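Here is what each chain is made of, one letter per residue.
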Amino acid sequence: MMTDTHMAIGDRLISPMLTDREIQCLTLVAEGKKPDEAGNGVTLSRADIDVALTSARIKLNASNLMHAVSIAMLIGAIDHSDKTHSE
């Protein structure tokens, strides 16, 4: 049986490519921002953010938003390095 992670980072990416907006919204969530806070940072409405996050979750075949963020990090779609602790 293939796990979600294996399917996401296997030999080839099985899901369609994420849009720039989907990546931007997933990145903000990965940084700990709530959708309302994320909207202020990217000048998108809450509805636009919800659509982007839902679309990304579906494309990544994730069971929830945190799962989508995890998969996006594993496949390298969003940067998970901690820039606050750079040398």
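Since this is a predicted model, take the numbers as computed values, not measurements.

### Considering the pattern of salt bridges
Piece 1. Using the criterion set out here, one finds three salt bridges in the structure.
Piece 2. When the shortest N-O distance is used, the salt bridge between Glu22 and Lys59 registers 3.0 Å. Residue Glu22 is found in helix 2 (residues 20–30), and its partner Lys59 is found in helix 4 (residues 46–59); the two are separated by 37 residues along the sequence.
Piece 3. Linking Lys33 and Glu31 is a salt bridge whose minimum nitrogen-to-oxygen distance equals 3.6 Å.
Piece 4. Since its relative accessible area comes to 34%, Lys33 is described here as partly exposed.

### A word on the packing of helix 2 against helix 5 (residues 65–74)
Piece 1. One way to put it is that helix 2 packs onto helix 5 with a least axis distance of 10 Å and a crossing angle of 105°. Put simply, helix 2 runs roughly perpendicular to helix 5. Listed contacts from helix 5 to Leu26, Val29 and Ala30 of helix 2 are Leu65, Met66, Ala68, Val69, Ala72 and Met73.
Piece 2. Along the lines of polarity and charge, the residues of the contact of helix 2 with helix 5 split into nine nonpolar, no polar and no charged.

### Some thoughts on the nonpolar core
Piece 1. Judged by nonpolar contacts, the single largest core of 16 residues is most densely connected at Cys25, Leu26, Leu53 and Leu60.
Piece 2. Secondary-structure elements contributing two or more residues to this core are helix 2, helix 4 and helix 5.
Piece 3. In contact with Leu26, not counting residues within four places along its chain, are Leu18, Leu53, Ala56, Leu60, Leu65, Ala68, Val69, Ala72 and Ile78.

### Comments concerning the confidence of the model for the protein chain
Piece 1. When pLDDT is averaged across the protein chain, the result is 78; 63% of the residues are at 70 or more.
Piece 2. The least confident element of the protein chain is helix 1 (residues 4–9), whose mean pLDDT is 53; the most confident is helix 5, at 94.

### So, helix 2
Piece 1. When helix 2 is considered as a whole, its buried residues turn out to be Glu22, Cys25, Leu26, Leu28 and Val29. Down the axis of helix 2, the buried side of the element spans an arc of 160°, and every buried residue falls inside it.
Piece 2. Positive backbone phi, approximately 95°, marks Gly32, located one or two places after helix 2.

### Remarks on unusual backbone geometry
Piece 1. Residue Asn61 is not a glycine yet carries a positive backbone phi of 55°.
Piece 2. Among the secondary structure elements, Asn61 is positioned in the loop between helix 4 and helix 5.

Rules used in this analysis
Residues numbered from 1 in each chain as written. Predicted model: local features only at pLDDT ≥ 70, side-chain atom pairs only at ≥ 80, totals over all residues. Heavy atoms only, no water. Salt bridge = Lys/Arg side-chain N within 4 Å of Asp/Glu carboxyl O. Helix = DSSP H or I, 4+ residues; strand = E, 2+ residues; numbered from the N terminus. Buried < 20%, exposed > 50% of the residue type's maximum accessible area, 1.4 Å probe, protein only. Axes fitted to C-alpha atoms, helices over the stretch in contact; angles between N-to-C directions. Parallel < 35°, antiparallel > 145°, perpendicular 65-115°, else oblique. Contact = heavy atoms within 4.5 Å. Nonpolar A, V, L, I, M, F, W, Y, C, P; charged D, E, K, R; others polar. Core = buried A, V, L, I, M, F, W, Y, C linked by side-chain atoms within 4.5 Å. pLDDT = per-residue confidence, 0-100. Arc of directions from axis to C-beta.

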